[in-house]
Amino acid sequence: MVHTFIGNAGHFFVIASFITSLLAAYAYIQASHTQDLAASSWRKYARNVFYLHGFFVIGVIFSLFYIIYNHYFEYHYAWSHSSRNLPVYYMISCFWEGQEGSFLLWIFWQMILGLILIQTNKNKAWEAPVMAVFSLVQAFLASMILGVVIGDLKIGSSPFMLVRDVMEAPVFALNPDFVPEDGTGLNPLLQNYWMVIHPPTLFLGFATTLIPFAFCIAGLWKKEYENWVKPALPWSIFSAAILGLGIMMGAYWAYETLNFGGYWNWDPVENAVYVPWLVLVASIHTLIIFKNNHTALKTSIVLVIATFVMVLYSTFLTRSGILGNASVHSFTDLGLSGQLLIYLLFFTLGAVVLAAIHWKHIPTSDKEASAYSREFWIFIGATTLCLMGFQVLVPTSIPVYNAIVEAFGGISNVAPPADQVAFYTKFQLWFAVVVAILSGTGQFFFWKKMDKEKLKNELAIPLIVTLLLSAVAILLGKVIDPTYMVLITVAIYSVVANTMILIRLAQAKVQLIGGSVAHIGVAMILIGILFSSGYSNTISINNSGLIIFKDAPEQENTENVLLWINEPREIQDYKLVYQGQRKEVKGVPAYVDKKILRPTEKPYMAVAREDFVHDGKKYFSKGDTLEYYGENTYHEVVFTNKNNGSEFTLYPRSQVNPNMGLIASPDIRKVLHKDLYAHVSAIPNDEEEKDWGETTETEVKMGERFFINDYVAELQGIERVNEVEDVELAPGDLAVKANIRVFGENQTYDLHPVYLIRDRMVGRVPYTLNELGLRVSLMNINPEKNSFTLGVNTTQKDYIVLKAIEKPWINILWMGTLLLMVGFGIATYRRYRDYVKQQEESSPEDKRKPRQKKESAVV
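Definitions and cut-offs
Residues numbered from 1 in each chain as written. Predicted model: local features only at pLDDT ≥ 70, side-chain atom pairs only at ≥ 80, totals over all residues. Heavy atoms only, no water. Helix = DSSP H or I, 4+ residues; strand = E, 2+ residues; numbered from the N terminus. Buried < 20%, exposed > 50% of the residue type's maximum accessible area, 1.4 Å probe, protein only. Contact = heavy atoms within 4.5 Å. Areas by Shrake-Rupley, 256 points an atom, 1.4 Å probe, with all protein chains shown as cover. Phe/Tyr/Trp six-rings, centres within 6.5 Å; stacked < 30°, edge-to-face > 60°. Salt bridge = Lys/Arg side-chain N within 4 Å of Asp/Glu carboxyl O. Core = buried A, V, L, I, M, F, W, Y, C linked by side-chain atoms within 4.5 Å. Expected span 1.5 Å × (residues − 1). Bend = angle between axes of the 7 residues up to and from the residue. Domains from an automatic or database assignment. Buried area = accessible area lost by both parts, 1.4 Å probe. Polar contact = N/O pair within 3.5 Å; in protein donor to acceptor, adjacent residues only side chain to side chain. Nonpolar A, V, L, I, M, F, W, Y, C, P; charged D, E, K, R; others polar. Axes fitted to C-alpha atoms, helices over the stretch in contact; angles between N-to-C directions. Parallel < 35°, antiparallel > 145°, perpendicular 65-115°, else oblique. Left-handed = near helix turned anticlockwise from the far one by under 90°. Pairing = 2+ DSSP bridges. Patch = residues over 30% accessible without salt bridge, like charges linked within 9 Å, V, L, I, M, F, W, Y side chains within 5 Å. Disulfide = S-S within 2.5 Å.

## What to know about the overall build of the protein
Per the secondary structure count, the protein includes 22 helices and 28 strands. Principal-axis analysis of the C-alpha atoms gives the protein an extent of 115 × 70 × 60 Å. The buried share of the protein, taken over its 859 residues, is 55%. Within the protein, contacts between residues at least 6 apart in sequence are counted, and of these 69% link residues at least 24 apart. Summed over all atoms, the accessible surface of the protein reaches about 39900 Å², with 59% contributed by carbon and sulfur.

Laid out in structure tokens, this is it:
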């Protein structure tokens, strides 16, 4: 059955949301051009239309999630991104895995932010021009999921298209109402809890960049060249916090999910988010300069516009298909590249033209910034951030440059950096050094101006403390690279200097500490990156001389170790034992041994071969039918510290995907001063037919011990059974099973081959133990000798190839991220309270003169 109603409803909501956003934009534009009652009337109408727009956006979201949640695989979006076995939280990830869903997420956040602005902005003069910009951007975004075709013109890509309308398959010619049984599933790399929260956070960050941009455009439009800064500043800080948090969530997802051993790979899509954040932070600093000293207004306008344009440009890069194979994160082109380009050019050219028209009227200051003023240091910091972004932007845009040249008939073979990590790092590292110095030194100019002698006195103590702490850190951390010595020294200097300023500010007024806290966070991030990346230590060194990967570089063979099941292997300070494959069973808090799960014909369902008890509680019994998450396999590896005997267990994850091959995700042991990061590099292919050796027969008696493939085994009994796995017994059949116990290195295994007699014909049901590479059959029963003949076949037993890395002091990076967010939060609250207070003091009900206060140089 094809459920067309919900899809038609969703498509209607999309069209309605697009139309209402256009109507709201038109009404707000009219409200901006009229006065008094007419303006109030238009504003009221525009509000109601925007509220209606919000209702329709919620309707689109409900419709699409309803389709995904109910497994309506007749819809292409649900079929392409979800499957029946996914838990609900991964269904949420399915919602924004595709382009249409992520655009919808962006639309949702901007709708929410628009409603917040309408409700919280007490200065109604700003509402109309700001919301006009908001509504216009909403219209462009809604057009991306419109899915309307007019002649040969396609506008947007609808998430409510049916599979039969997207794919040409013979089955639809025979049966137009054919519905696929299951979907293709969520990308394995996105099956991680961070993918439930990272994209919403990142898109909220994108959406918040619109607010300062809208205030800036409104200020130019209404010739309020200075007044837009006050309301825009707290939103700019909030935007930097959310976008930065989204970026770091993505970094942590990469660290936990991907197996390249890091958290940042300078992928073009990563760069496309990093650059707008740098420009955004630079704009915050220039806005502070203007607010304190009425200088740098033009620079602020340029940077605020550039931030939003960079967000649009990153959208174009990642969604137009122009990156091609340059990024593993980019979306495939859905035919929206032209639409995305129009979106980018419309707001870029519109903002540039508007700024150019008003440029000569924008107030400027003739004040000369002294080298001993805080404004000078803040401006230098903002300039450095912009240069950092520019250095990343230019190489990242090489595919765009090539496409432009080819569009005009030329040929361009300019290639992105071959080793992108080394290329970007060698430049960004020195920019980071400058940022650390500026973020530490600039804070001492809190009282606006400082002379040469006073600066020397202020810097003396932090410099001495820095040199002492840096010497200790360099010695204990065994830092020998001169570049790293410089970086750790300036990062510690930034921490020390900002800590001193923070103490002073906290004693005066705690609301002023936001900038110092944020700067300490940035410095800690630099220290964490230095140690965790620069001094990452691979401990899985292969000293056996065994060539594991035939055609791989030598490094791959030396940095991976082969672990046979239950055979101990020593690497540096640890003894490792691989104990087998595990599965995740629904409702069970621990991983379950794969061999006790007998798969059924129904996907991701299994019958328990034995009881399962964890922490004294039985979770299922033998014969129970269980649902398990079959795509992922977890490999249990026990680490024993050779120095103190302590043990811990890691479960690196693997999944063999038909299109992507082996997908390996690490498991991480976290302690205060380091992480131990381990992932599999190779596993046996369970889909391949095993190459079993010739049958070896052994005659044994009850209770007798014997050898099977170098393992000691014992025949413990023979019993008649009424049920045989995968065999339906008929009346008159006789089935007996042997109970054989195999004594492995660390555990015992029970094997149960079956001997079956039916109509005087003998059948044998062997018992296969893949872990040990054994297949045992009960070949014959010898009553005259009181013995039994066993047939044994052997093959390669279970193994994994493991890579293990120590990441020293990586927790400093994550703690620095937390401090950065706290600093942004404090600063956002302070600037917002300042703006609210100004509104209250300038309102008609309050004619008091604004009180003069000293402004700080902190964010």
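## Focus: the packing of aromatic side chains
The description of two aromatic rings rests on the distance between their centres and on the angle between their planes. Tallying each qualifying case throughout the model produces 51 aromatic pairs. On the numbers, 5.7 Å between centres and 35° between planes, the contact of F62 with Y66 is tilted. Here F62 and its partner Y66 are both found in helix α2 (residues 36-69), four residues apart, which amounts to about one turn of the helix. When the centroid spacing of 5.3 Å and the interplanar angle of 70° are considered together, the rings of F140 and F347 count as edge-to-face. Here F347 lies in helix α14 (residues 337-358) and F140 lies in helix α6 (residues 124-143), a separation of 207 residues in the sequence. Taking the relative accessible area as the measure of exposure, F347 reaches 6% and is therefore buried. A network of ring pairs unites the aromatic residues Y193, W194, Y252, Y255, Y263, Y677 and W814 as a single cluster.

## Quick look at unusual backbone geometry
A positive phi angle, near 60°, is found at K223, a position not held by glycine. Here K223 lies in the loop between α10 (210-221) and α11 (229-257). Residue classification places K223 among the exposed positions, given a relative accessible area of 57%. Backbone geometry places D615, a non-glycine residue, at a positive phi of 50°. Within the fold, D615 resides in the loop between β10 (612-614) and β11 (617-620). Residue classification places D615 among the exposed residues on the basis of a relative accessible area of 73%.

## Some remarks on the environment of G246
Structurally, G246 is set in helix α11. Sequence separation of G246 and T633 is 387 residues, and the distance between their C-alpha atoms is 29 Å. Apart from residues no more than four positions distant in its own chain, G246 is found in contact with H198, T201 and L202.

## Concerning the pattern of salt bridges
One pass over the full model with this rule turns up 21 salt bridges. Salt-bridge contacts for K797 lead to E567; the nearest nitrogen and oxygen are separated by 2.5 Å. Highlighted residues: K797 in the loop between β27 (787-794) and β28 (799-808) and E567 in the loop between β4 (561-564) and β5 (569-571), separated in sequence by 230 residues. Residue R758 pairs with D733 through a salt bridge whose shortest N-O separation is 2.7 Å. Residue R758 is found in strand β23 (residues 754-758), and its partner D733 is found in the loop between β20 (711-720) and β21 (734-743); the two are separated by 25 residues along the sequence. What emerges from the salt-bridge pattern is a single network uniting R582, D593, K595, E636 and E771.

## So, the nonpolar core
F134, F213, F215, W228 and W277 are the most contacted members of the largest nonpolar core, which totals 161 residues. Apart from residues no more than four positions distant in its own chain, W277 is found in contact with A240, L243, G244, I247, L820 and F824. Ranked by size, the runner-up nonpolar core spans 42 residues in total, among them I539, V700, I708 and V736.

## A word on α6
With 20 residues, α6 should cover 28 Å at 1.5 Å per step; its first-to-last C-alpha distance of 29 Å lies within 8% of that length. Approximately 25° is the largest bend angle found in α6, and it occurs at V130. A large share of α6 lies buried, amounting to 17 of its 20 residues.

## Here's the deal with the domain arrangement of the protein
Considered domain by domain, the protein is made up of domain 1 (1-186), domain 2 (195-367), domain 3 (448-535 + 809-859), domain 4 (561-682) and domain 5 (696-795). Taken together, the contacts link 11 residues of domain 4 with nine residues of domain 5. Summed over both sides, the interface of domain 4 with domain 5 buries roughly 920 Å², with 38% coming from carbon and sulfur. When the buried surface of domain 4 facing domain 5 is broken down by residue, I565, N566 and K595 rank first, second and third, together holding 55% of it. Residues E771 and K595 are paired through a salt bridge, measuring 3.7 Å at the closest nitrogen-oxygen approach. The interface formed by domain 4 and domain 5 includes three residue pairs in polar contact (both at pLDDT 80 or more). Considering every element that reaches the side of domain 4 that touches domain 5, the biggest residue donor is strand β6 (residues 574-585), with four residues. For the side of domain 4 that touches domain 5, a count of residues per class yields two nonpolar, three polar and six charged.

## Concerning the packing of α11 against helix α12 (residues 268-293)
Two measures define how a pair of helices packs: the angle their axes make with one another and the distance between the axes. In contact at an axis separation of 9 Å, α11 and α12 are set at 150° when each is read in the N-to-C sense. Between α11 and α12, the crossing angle belongs to the class labelled roughly antiparallel. Classified by chirality, the crossing of α12 by α11 is left-handed. Residues V229, K230, L233, S236, I237, S239, A240, L243, G244 and I247 of α11 lie in contact with α12, whose contacting residues are V273, Y274, W277, L280, V281, I284, L287, I288, F290 and K291.

## Describing the pairing of strand β13 (residues 647-650)
Residues F648 and L650 point to one face of β13 and are all buried, whereas E647 and T649, pointing to the other face, are not buried. For strand β12 (residues 625-641) and β13, the ladder comprises four bridges, and the chain directions are antiparallel. Following the sheet pairing, V637 is matched in β13 by L650. Following β12, the chain reverses through five residues before pairing antiparallel with β13; G645 in that reversal takes a positive phi of roughly 80°.

## A few points about the side chain of T828
Residue position: T828 is located in helix α22 (residues 810-842). Residue classification places T828 among the buried positions, given a relative accessible area of 14%. The contact partners of T828, leaving out residues within four places of it in the chain, are P234, I237 and F238.

## Re the side chain of D675
Along the chain, D675 turns up in strand β17 (residues 674-682). Given the relative accessible area of 0%, D675 is considered buried. Engagement of the side chain of D675 in a polar contact is seen with the side chain of Y255, the distance being 2.8 Å. Apart from residues no more than four positions distant in its own chain, D675 is found in contact with Y255, I668, R669, K670, I805, E806, K807, I810 and N811.

## Quick word on a nonpolar patch on the surface
Taken together, the side chains of L341, L345, L349, V353 and I357 define a hydrophobic patch exposed on the protein surface, amounting to about 440 Å² of accessible area. Among the secondary structure elements, L349 is positioned in helix α14.

## Some thoughts on the sheet that holds strand β18 (residues 696-700)
Pairing is antiparallel across the open sheet formed by four strands, whose spatial order is β18-β27-β26-β25. What marks the edges here is a single partner per strand, and that holds for β18 and β25 (767-769). Taking each pair of neighbouring strands and ignoring which way they run, the sheet shows an average axis angle of 25°. Two strands pair when backbone bridges link them, and strand β26 (residues 774-782) and β27 are joined in this way by eight bridges, in the antiparallel orientation. For N782, the partnering residue across the bridge sits in β27 and is S787.

## With respect to the environment of N292
Within the secondary structure, N292 is located in helix α12. N292 sits 83 residues away from E375 along the chain, and the two C-alpha atoms are 8.4 Å apart.

## Some details on the state of the cysteines
Counting across every chain of the model gives zero disulfides. As a non-bridged cysteine, C216 has C386 as the owner of its nearest cysteine sulfur, 14 Å distant. For C216, a relative accessible area of 0% puts it in the buried group.

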